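Fold and geometry: a report
Residue-level listing of the chains:
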Amino acid sequence: MTTTKLLSDAEVEKIPAVKAVFDDIRATRKSDFVNNFWRGLANDPVSLKRVWEQLKAVMVTESAIDPLTKEMIYIAVSTANGCSYCVHSHTATARAKGMTDAQHGELVSIIGLAGQTNQMVTAMQIPVDPQFEVR
């Protein structure tokens with residue numbers, strides 16, 4: 001169960017600042033769908049706008065990392081942070097951007113391996129090799 005109200009489209013229509021962001025979400029994604037994360041965040045129009053602008057700057061703007069890879073990184077970080085909602089949301093987006101079942105399987109293997117080895121190295125408190133440090 002949610003801990004915050006999810007604004008309906010009718011409620012959004014009455015708040016110009018929120019409507020503007022929702023309109024931009026729809027235009028940017030070329031879809032009428034606005035997911036529950038944004039509907040919950042819409043209770044705070046300032047945060048809604050700030051987070052949407054940050055997301056666009058990182059995830060939508062052309063950069064050195066291709067869009068599918070960005071989504072796969074987001075899945076990995078969301079898994080590490082235990083955010084089931086984000087794992088589902090970004091997996092759906094990655095699939096829409098072309099992620100195959102084989103890529104998803106490999107991604108899950110990498111996430112699992114990284115989690116395992118991260119915990120092992122943390123438990124053993126292994127010092128960083130000098131060759132790995134930025135010079």
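Because the structure is predicted, anything quoted here is derived from the model rather than measured.

Analysis parameters
Residues numbered from 1 in each chain as written. Predicted model: local features only at pLDDT ≥ 70, side-chain atom pairs only at ≥ 80, totals over all residues. Heavy atoms only, no water. Salt bridge = Lys/Arg side-chain N within 4 Å of Asp/Glu carboxyl O. Buried < 20%, exposed > 50% of the residue type's maximum accessible area, 1.4 Å probe, protein only. Helix = DSSP H or I, 4+ residues; strand = E, 2+ residues; numbered from the N terminus. Axes fitted to C-alpha atoms, helices over the stretch in contact; angles between N-to-C directions. Parallel < 35°, antiparallel > 145°, perpendicular 65-115°, else oblique. Left-handed = near helix turned anticlockwise from the far one by under 90°. Contact = heavy atoms within 4.5 Å. Nonpolar A, V, L, I, M, F, W, Y, C, P; charged D, E, K, R; others polar. Expected span 1.5 Å × (residues − 1). Polar contact = N/O pair within 3.5 Å; in protein donor to acceptor, adjacent residues only side chain to side chain.

All told, the structure shown has seven salt bridges when counted by the stated rule. Taking the shortest distance from any N to any O, the salt bridge between Lys5 and Glu11 comes out at 2.7 Å. Here Lys5 falls in the partly exposed class, since its relative accessible area comes to 46%. Between Arg95 and Asp101 there is a salt bridge whose closest N-O contact spans 2.8 Å. Judged by its relative accessible area of 36%, Arg95 is partly exposed. A relative accessible area of 61% means that Asp101 is categorised as exposed. Where salt bridges share partners, they join Asp9, Arg26 and Arg39 into one cluster.

Attention now moves to unusual backbone geometry. Positive phi is not limited to glycine here, since Lys30 has a value of about 50 degrees. Topologically, Lys30 is positioned in the loop between helix H2 (16-29) and helix H3 (36-41). You can call Lys30 exposed: its relative accessible area is 76%. The phi angle at Gln125 is positive, at roughly 50 degrees, despite the residue not being glycine.

It is worth spelling out the packing of H2 against helix H4 (residues 45-60) at this point. Relative to each other, H2 and H4 sit at 20 degrees, their axes nearing to 9 Å. Taken together, H2 and H4 sit at an angle that is classed as roughly parallel. Our pair here, H2 against H4, has a crossing hand that is left-handed. Where H2 abuts H4, its residues Ala17, Val18, Val21, Phe22, Asp24, Ile25, Thr28 and Arg29 lie against Pro45, Leu48, Lys49, Trp52, Glu53, Lys56 and Val60. Here the residues of the contact of H2 with H4 are counted per class, giving nine nonpolar, one polar and five charged.

Turning our attention to helix H5 (residues 67-81). Here H5 is 15 residues long and its end C-alpha atoms lie 21 Å apart, about the 21 Å a rise of 1.5 Å per residue gives. Of all the residues in H5, the buried ones are Leu68, Lys70, Glu71, Met72, Ile75 and Ser78. Where the residues of H5 are buried, they touch H4, helix H6 (84-96) and helix H7 (101-124). Between the side-chain oxygen at the start of H5 and the backbone nitrogen of Leu68 there is a gap of 3.2 Å, and the oxygen is on Asp66.

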